Amino acid sequence: MRYVCHISGGAGSAVCWLRALDRYGECEAVFANTNSEDPDLYRFLDDLEKYTGRQIVRLNNDGQDIWACFRKHSAFTNGSGCLASWRLKQLALKAFQQEHYPDAENTTILIGMGPDEEDRQIRIAKKVAPYHVDFPLCWEPRLWNCDVQDFLKRRGFTLPSLYDKGYPHNNCGGACIMAGIAQWCGVLKDYPERFAHAEAEEQQMLKIIAERGRVEWTILKDRRGGEHKTYSLKQLREDVEAKRRLPDDNWRTKSCSCMFTWGDD
Ligand code: SF4
């Protein structure tokens, strides 16, 4: 059996790879680059390579970032989720697997999903079939979010900097189109230049969508007053600046107070 770990740049998939190496000795790691990541994500990948003494295969999607992907297809979603995630991550990884691991029956894909993500695990198993799939964070002792971060700290890793600011995921520099209003208020405060870039790109996308005669679609939706309206990043910034909307930091993940311990390192 050959083992391949999908590395996202987050803590979960990093631990997934380390646990797989501990158990199997060999496991290739593959990272699909959205070219929209926080610079510290790449530092974290470099640290993983130094720690393991192995290279991570980096699929660079010809340098295309999420916004280039949205513009190219005049859409933000593929109908069921983020278009960039589907094209730059899922399709890129699938093409890599088919080329380098054509023997699906004898290949197991390892994914960094935790024990609290059963529904997603079932969905991903269907997607990667006929490849086998496994979830090393669910091996005993099972590891939840805070255990995962502890695992890395105990091995001397510096966690990706987005976690220090309470972002739940280290993807797309926190500026994720699937994140809600609260997190985007956080991006505006923490990374104003990142927000400004997304705001300008969204305005460009709104023009493209209008030119194509498509239904207007914004990243965010405004549900105030019981109505469900489009709500651009520009409108959000103007509302925050005029204090018509007060940012709420409750979305940020709190530091872990879990007392769970385990003994696998
Ligand atoms: S982090 Fe968000 S915006 Fe980036 S690829 Fe994933 S779903 Fe899309």
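The model shown is predicted, which means the values in this text are computed figures rather than measured ones.

S.K.: What exactly am I supposed to notice about the overall build of the chain here?
M.R.: From N to C terminus, the chain includes ten helices and seven strands. Overall, the C-alpha framework of the chain stretches about 55 × 40 × 35 Å when taken along its three principal axes. Within the chain, the fraction of its 265 residues that count as buried is 34%. For the chain, contacts bridging at least 24 residues in sequence account for 67% of all contacts bridging at least 6.

S.K.: I keep staring at the nonpolar core and nothing clicks. Help me out?
M.R.: Soluble globular proteins: nonpolar side chains tend toward being buried together. Counting 58 residues, the largest nonpolar core has Cys5, Ala14, Val15, Cys16, Trp17, Leu110 and Trp184 as its most contacted members. Dropping the residues within four chain positions of it, Cys16 is found in contact with Cys5, Leu110, Ile111, Gly112, Pro136 and Leu137.

S.K.: How should I be thinking about the environment of Met178 in this particular structure?
M.R.: Looking at the element boundaries, Met178 is found in the loop between helix H7 (161-164) and helix H8 (181-190). Here Met178 falls in the partly exposed class, since 14 other C-beta atoms lie within 10 Å of it. In the structure, Met178 is positioned 102 residues away from Phe76 in sequence and 9.9 Å away in space, judged by C-alpha atoms.

S.K.: In this structure, what is going on with the domain arrangement of the chain? I would like to understand it.
M.R.: It is common to give the size of an interface as the accessible area that goes away when the parts come together. Domain annotation of the chain identifies domain 1 (2-165) and domain 2 (179-249). Measuring from the centre of the C-alpha atoms in domain 1 to the corresponding centre in domain 2 gives 28 Å. Domain 1 puts six residues into the contact, and the matching count from domain 2 is nine residues. Residue composition of the side of domain 1 that touches domain 2, grouped by class: three nonpolar, one polar and two charged.

S.K.: What should I look at first to understand the site of the ligand in this one?
M.R.: Taken together, Thr34, Ile66, Cys82, Ala84, Ser85, Asn171, Cys172, Cys176, Ile177 and Met178 form the complete shell of residues around the ligand. Across the shell around the ligand, the residue classes break down as seven nonpolar, three polar and no charged.

S.K.: Looking at this model, I keep getting lost on the pairing of strand E1 (residues 2-7). Mind explaining?
M.R.: Moving residue by residue along a regular strand, the side chains alternate between the two faces of the sheet. Taking burial as the measure, the six residues of E1 include five buried ones, the bulk of the element. Strand direction decides the pairing type here: E1 and strand E2 (residues 28-32), joined by four bridges, are parallel. In the strand pairing of E2, His6 is matched with Val30.

S.K.: Any chance you could explain unusual backbone geometry here in plain terms?
M.R.: Trans is the common state for peptide bonds, and a negative phi is the common state for residues other than glycine. With omega at 10°, the peptide bond leading from Ala129 into Pro130 counts as cis. Look at the link from Glu140 to Pro141: it is a cis peptide, with omega at -10°. Looking at the secondary structure, you find Pro141 in the loop between strand E5 (132-134) and helix H6 (145-154). Phi is positive for Asn61, which is not a glycine, with a value near 50°. Assignment of secondary structure puts Asn61 in the loop between strand E3 (57-59) and helix H3 (66-73).

S.K.: I keep staring at helix H2 (residues 39-52) and nothing clicks. Help me out?
M.R.: Because each turn of an α-helix spans 3.6 residues, side chains separated by three or four positions end up pointing in the same direction. Taking 1.5 Å as the rise per residue, H2 with 14 residues should run 20 Å; its terminal C-alpha atoms sit 21 Å apart, in good agreement. Listed as buried for H2 are Leu41, Phe44, Leu45 and Leu48. Buried residues of H2, viewed axially, fall in a sector of 100°; they line one side. Every exposed residue of H2 that faces more than 90 degrees away from the buried side is listed here: Pro39, Asp46 and Lys50. Packing partners of the buried residues in H2 comprise helix H1 (11-24) and E2.

S.K.: It is not clear to me how the packing of H8 against helix H10 (residues 233-241) should be interpreted in this structure. Could you clarify?
M.R.: Relative placement of two packed helices is described by the angle separating their axes and the distance separating the axes. Relative to each other, H8 and H10 sit at 70°, their axes nearing to 11 Å. Regarding the angle of H8 to H10, the classification is roughly perpendicular. On the side of H8, the interface is formed by Ile181, Trp184, Cys185 and Leu188, while H10 contributes Leu233, Leu236, Arg237 and Val240. Of the residues assigned to the contact of H8 with H10, the class counts are seven nonpolar, no polar and one charged.

S.K.: Help me understand the confidence of the model for the chain in this model?
M.R.: For any part of a model where pLDDT is low, the fine detail of the predicted coordinates should not be relied upon. Per-residue pLDDT for the chain averages 94, and the proportion of residues at 70 or more is 95%. Below a pLDDT of 50 lies the segment residues 257-265, which in the model reaches ten contacts outside its immediate sequence neighbourhood of four places, other chains included.

S.K.: For this particular structure, what's the right way to read the sheet that holds E5?
M.R.: Sheet strands associate in pairs through backbone hydrogen bonding, adopting either a parallel or an antiparallel arrangement. Taken in spatial order, the five strands line up as E3-E2-E1-E4-E5 in an open sheet, and their pairing is parallel. Edge strands, defined here as strands with exactly one partner in the open sheet, are E3 and E5. If you compare each strand with its neighbour and ignore which way they point, the axes differ by 30° on average. In this fold H1 packs onto E1, E2 and strand E4 (107-110), with an angle of close to 160° to the strand it touches most, E1. Where helix H4 (residues 83-100) meets the sheet, its contacts fall on E1, E2 and E3, and the angle it forms with E2 comes to roughly 140°.

Calculation criteria
Residues numbered from 1 in each chain as written. Predicted model: local features only at pLDDT ≥ 70, side-chain atom pairs only at ≥ 80, totals over all residues. Helix = DSSP H or I, 4+ residues; strand = E, 2+ residues; numbered from the N terminus. Buried ≥ 20, exposed ≤ 12 C-beta atoms within 10 Å, placed from the backbone. Contact = placed C-beta atoms within 7 Å. Core = buried A, V, L, I, M, F, W, Y, C linked by C-beta atoms within 7 Å. Domains from an automatic or database assignment. Nonpolar A, V, L, I, M, F, W, Y, C, P; charged D, E, K, R; others polar. Near = placed C-beta within 6 Å. Pairing = 2+ DSSP bridges. Expected span 1.5 Å × (residues − 1). Arc of directions from axis to C-beta. Axes fitted to C-alpha atoms, helices over the stretch in contact; angles between N-to-C directions. Parallel < 35°, antiparallel > 145°, perpendicular 65-115°, else oblique. pLDDT = per-residue confidence, 0-100.

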